Structure formats: C-alpha cells, structure tokens
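Structural features, examined
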Amino acid sequence: MPSPLPNETMQLMTAYLNLQIGGKTIRAPYLNNRHHGSRAALRVFLGKGLPKEMEEEISLLARKDHRDLFTMSEEELYQYLSEHHIGSDCSGLVFHLLESMTNRTFSRNLSFPNASFLRRLIAKMRPAENTNVKTLYDQKNSHDILLKDIAAGDLITMIDLSETTVADHVIFVTDVQKEGADDPKLIEYI
C-alpha cells in the first residue's frame, strides 16, 4: 500500500534514519538540546539540522579532529555525532517533516507566541532553530482532533506544564491503520 505522506516527506524520514557517514549507514542521534545551552549556533548543533547538514558537518569536524570516519564502526560514528551534539531533537525533526509536506509554506505561517517583537523577528528569520514543542502545540499553530480522526501527518504532543520537570515531546504520525470506521488499530510514528 502506498504511503499517505508525500514522497518528499518519506524520503526525508528515510534520510534521518539512514545518514551516510564514513561509508556506513546510521540513524541520526536523538538530541535533547534543552540542556545543551547553545544559542545562535548552526542549526545542526541545535537539533534542528537536516540530514545532509549533519553528514557535512561531521565530515568537517572529523577532518579538524584528524579522525577517519571510514575506520569507525556504526556505534563509534553514532557516539561521535552525539559527543559533538549533532543529531535531531523532536521539534527539529517535526519542523522539517512539516516543511516538506507543505512545500515550504509551514514556516511562513508559523506563529511564535509569547515572544517579544525582537524574538518573533529572529524566529521568523530562523524558524527551524526557534521552533520547539510549545510552539507546535500552541493554539495559533495547531488544533485538537479526536483520536478517531488521526491521520498521517498529524502530531501527538506531550506537554508538561509543571515547573519541576521537563517532559515536552512531539511525535509525527506516519501511518494509521483503522479497525472499522472510527477505531485506530495501529498508529505508526517517528
């Protein structure tokens, strides 16, 4: 059965799961950049980079470090990317998948709530770098749906509004198999 998602979106998901580094194939590490503390860095170091950007940047870093990526195992490559904070966080991945689905109009329509004029201006110039789970979750950017209506391309957000824990997360629905007209039997996601 063909995917309900656009071909470009499927190719992008595949690229995140199959980075080509040192003649090997590895998945992009999950990066929780909340504790990293980088500001105004390249988006590849913020968990917001595209697969090609990750591949190019790790190649540059390896040359600088005099490391031969071709002699490293998949596990060593994964660790090397993680140590250099190269990977994708959930909102970075979702941002790029939504951009691919909307022919690059998603970021133009994205609202950055609760920000000063200057922060909104910066966010409009660097939307991927400034999008987080709360931005995607905000009423100006999304709306609730019933579980029976869930479809590929929808998001499932988990927001912790307490001050003591950090549990914000978003997943991108890739496929839904239904049992009958209303009941999802299986929800696939990335």
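So, a few notes on the structure that sits alongside this text. (Residues numbered from 1 in each chain as written. Predicted model: local features only at pLDDT ≥ 70, side-chain atom pairs only at ≥ 80, totals over all residues. Heavy atoms only, no water.)

The relative placement of two aromatic rings is captured by the distance of their centres and the angle of their planes. Per the counting criterion, the structure on display carries 1 aromatic pair. On the numbers, 5.7 Å between centres and 65 degrees between planes, the contact of Phe95 with Phe106 is edge-to-face. Here Phe106 lies in helix H5 (residues 106–109) and Phe95 lies in helix H4 (residues 90–101), a separation of 11 residues in the sequence. In this structure, Phe95 and Phe106 share a single accessibility class: buried. (Phe/Tyr/Trp six-rings, centres within 6.5 Å; stacked < 30°, edge-to-face > 60°. Helix = DSSP H or I, 4+ residues; strand = E, 2+ residues; numbered from the N terminus. Buried < 20%, exposed > 50% of the residue type's maximum accessible area, 1.4 Å probe, protein only.)

This part is about the nonpolar core. In summary, soluble globular proteins display a tendency toward joint burial of nonpolar side chains. Membership of the largest hydrophobic core comes to 37 residues, with the highest contact counts inside it found for Ile21, Ile58, Leu69 and Ile86. At the level of secondary structure, the elements contributing two or more residues to this core comprise helix H1 (7–17), strand S1 (19–21), helix H2 (51–65), helix H3 (74–83), H4, helix H8 (133–137) and strand S4 (169–179). It is H4 that provides the largest number of residues to this core, a total of 6 residues. (Core = buried A, V, L, I, M, F, W, Y, C linked by side-chain atoms within 4.5 Å.)

The next point concerns unusual backbone geometry. Of note in this structure, His66 is not a glycine but carries a positive phi near 55 degrees. Among the secondary structure elements, His66 is positioned in the loop between H2 and H3. The phi torsion at His85 lies on the positive side, around 55 degrees, for a residue other than glycine. Considering the arrangement of structural elements, one finds His85 in the loop between H3 and H4.

The quantities given are spatial measurements derived from coordinates; they are silent on function.
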